[in-house]
Amino acid sequence: MPSARGHWSEDAACRSSEPDELFVDGNPRQKQAKAVCTGCQVRTECLAEALDNRLEFGVWGGMTERERRALLRRRPDVTSWWKVLDDARRDSEQPQAG
């Protein structure tokens, strides 16, 4: 989904980071990279793009390549991660009936 300024990536928390900071090996460095995603306003869009396009490297939407591969294996039926993630976000934003 485009942001008010254009492409979602223009609003990404990592937009001012060095790309090499998001394409790292090793758990401690990946944790640091994932921390950049915490609270990012376009995290869903970022993750959906990585999953829909089967991006193999880097941290996208707070998930490492290994985490994304595992998710893709668990849900091979999904044709649009954007729809799945957007629906989940909308569901979580709705007030709970009580």
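This text gives an overview of the structure that appears in the document. (Residues numbered from 1 in each chain as written. Predicted model: local features only at pLDDT ≥ 70, side-chain atom pairs only at ≥ 80, totals over all residues. Heavy atoms only, no water.)

1. Remarks on the pattern of salt bridges
In the structure shown here, the tally under the stated rule is 6 salt bridges. The residue Glu 67 makes a salt bridge to Lys 34 at a minimum N-O spacing of 2.8 Å. On the criterion of sequence distance, the pair formed by Glu 67 in helix H3 (residues 65–74) and Lys 34 in helix H1 (residues 27–37) is long-range, its members being 33 residues apart. Between Arg 89 and Glu 45 there is a salt bridge, with its nearest N and O atoms 3.6 Å apart. With Arg 89 in helix H4 (residues 81–93) and Glu 45 in helix H2 (residues 43–52), this residue pair connects regions lying 44 residues apart in the sequence. Glu 45 sits in the buried class, given a relative accessible area of 8%. One connected set of salt bridges, linked through shared partners, spans Glu 45, Asp 86, Arg 89 and Arg 90. (Salt bridge = Lys/Arg side-chain N within 4 Å of Asp/Glu carboxyl O. Helix = DSSP H or I, 4+ residues; strand = E, 2+ residues; numbered from the N terminus. Buried < 20%, exposed > 50% of the residue type's maximum accessible area, 1.4 Å probe, protein only.)

2. Describing unusual backbone geometry
Residues other than glycine seldom take positive phi values, yet Arg 54 does so here, at roughly 50 degrees. Along the polypeptide, Arg 54 turns up in the loop between H2 and H3. Here Arg 54 falls in the partly exposed class, since its relative accessible area comes to 44%.

3. A look at H3
Taken as a whole, H3 has its buried residues at Glu 65, Arg 68, Leu 71 and Leu 72. Relative to the axis of H3, the buried residues are bounded by an arc of 125 degrees and lie together on one face. For H3, the exposed residues lying more than 90 degrees away from the buried face are Arg 66, Arg 73 and Arg 74. Buried residues belonging to H3 abut H1, H2 and H4. (Arc of directions from axis to C-beta. Contact = heavy atoms within 4.5 Å.)

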